[in-house]
Amino acid sequence: MELKYLKVEMDGPVAVVTLSRPERRNAISEEVAVEIGRFFSEPPEEAKTIVLRGAGDHFCAGLDLEEHARLRRTPAQFMRMCQKWHWAFDQIQYGGTPVIAAMQGAVVGGGLELAAACHSRVAEPNTFFALPEGQRAIFTGGGATVRVGRIIGPDRMVDMMLAARTFDAKRGYELGLCHEIADEGKSFDRAMEIAQGAAKHAPLSNYAIVTAIGRINDMSTTDGLFAESLMAGIVQSGPEVAEGLDNFLKRKAKRLEPK
């Protein structure tokens, strides 16, 4: 797969994906969105987990406003572009491979929408979060009303946009926009630790975790419980479970052996 805006390297079972437009603070153009969707819809077969990061001082500053101003899209054209973003970010959230975001600097607008599609988010102390669309006479279009709204709540998202709030890493952690704050310059190292650990899990278990939980939370209680039991039945009867249980029972028996 030829990629222009993403750099991909394998580190053991972890695919390291770098947004590589540092001169534009990794802003997302239409081409970038499509490239993200293409990669995450078909990541390398050997990748058990993925770490997503941004080159330079920022994770992602969101929509490429220069492109937006230049193209003067019609409402229908912009709606179709938004749907490309939705498709691309769905490949991250529901593609079946755990994705850990390593964030620094700006996680703004579409950058926050991108981060919200990742399953685990590690920030650095200089990370900041914002949805400045209201200040730019536009509206969120990459899934914020769904993903960010579910993380912080729709009421807080409305206030965040109306009051033009920027949240620092600490406040972002309190709200769930990031799950951990690493030391300065260490978000990637910590994201790799998480990814390496998760890569040791049974693939079917990881697949269920990253594809089922979000969908189940879209369901009614009754449907969600049924879907959970169905997924559990599939995962917990897989070959990795039998091997894991056998190893557990052997270790337990050894501990109970008389000295």
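Refer to the structure printed above.
Predicted model only: the values in this text are computed from it and were never measured.

Caption draft 1: How the structure looks around a nonpolar patch on the surface. On the surface, Phe-226, Leu-230 and Ile-234 cluster together into a nonpolar patch covering about 330 Å² of accessible area. Examined against the element boundaries, Leu-230 turns out to sit in helix α10 (residues 221–235). Given the relative accessible area of 49%, Leu-230 is considered partly exposed.

Caption draft 2: Summary view of the pairing of strand β4 (residues 99–103). The buried fraction of β4 amounts to 5 of the 5 residues, a majority that puts the element mostly inside the structure. Examined bridge by bridge, β4 and strand β6 (residues 120–123) share 4 bridges and lie parallel to one another. Note on β6: the bridge partner recorded for Ala-102 is Val-122.

Caption draft 3: Here's a closer look at the side chain of Thr-97. When you line up the elements, Thr-97 lands in the loop between α3 (75–94) and β4. Using a relative accessible area of 14% as the deciding quantity, one classes Thr-97 as buried.

Caption draft 4: Quick peek at the sheet that holds strand β7 (residues 128–130). Pairing is mixed in the open sheet, where 3 strands are placed in the order β5-β7-β8. At either end of the open sheet lies a strand with only one pairing partner, and these are β5 (106–108) and β8 (166–168). Within the sheet, the average angular offset between the axes of one strand and its neighbour, ignoring direction, is 20 degrees. Pairing of β5 with β7, which is carried by 3 bridges, proceeds in the parallel orientation. Across the sheet, residue Ala-106 finds its bridge partner in β7, namely Phe-128.

Calculation rules
- Residues numbered from 1 in each chain as written.
- Predicted model: local features only at pLDDT ≥ 70, side-chain atom pairs only at ≥ 80, totals over all residues.
- Heavy atoms only, no water.
- Patch = residues over 30% accessible without salt bridge, like charges linked within 9 Å, V, L, I, M, F, W, Y side chains within 5 Å.
- Areas by Shrake-Rupley, 256 points an atom, 1.4 Å probe, with all protein chains shown as cover.
- Salt bridge = Lys/Arg side-chain N within 4 Å of Asp/Glu carboxyl O.
- Helix = DSSP H or I, 4+ residues; strand = E, 2+ residues; numbered from the N terminus.
- Buried < 20%, exposed > 50% of the residue type's maximum accessible area, 1.4 Å probe, protein only.
- Pairing = 2+ DSSP bridges.
- Axes fitted to C-alpha atoms, helices over the stretch in contact; angles between N-to-C directions.

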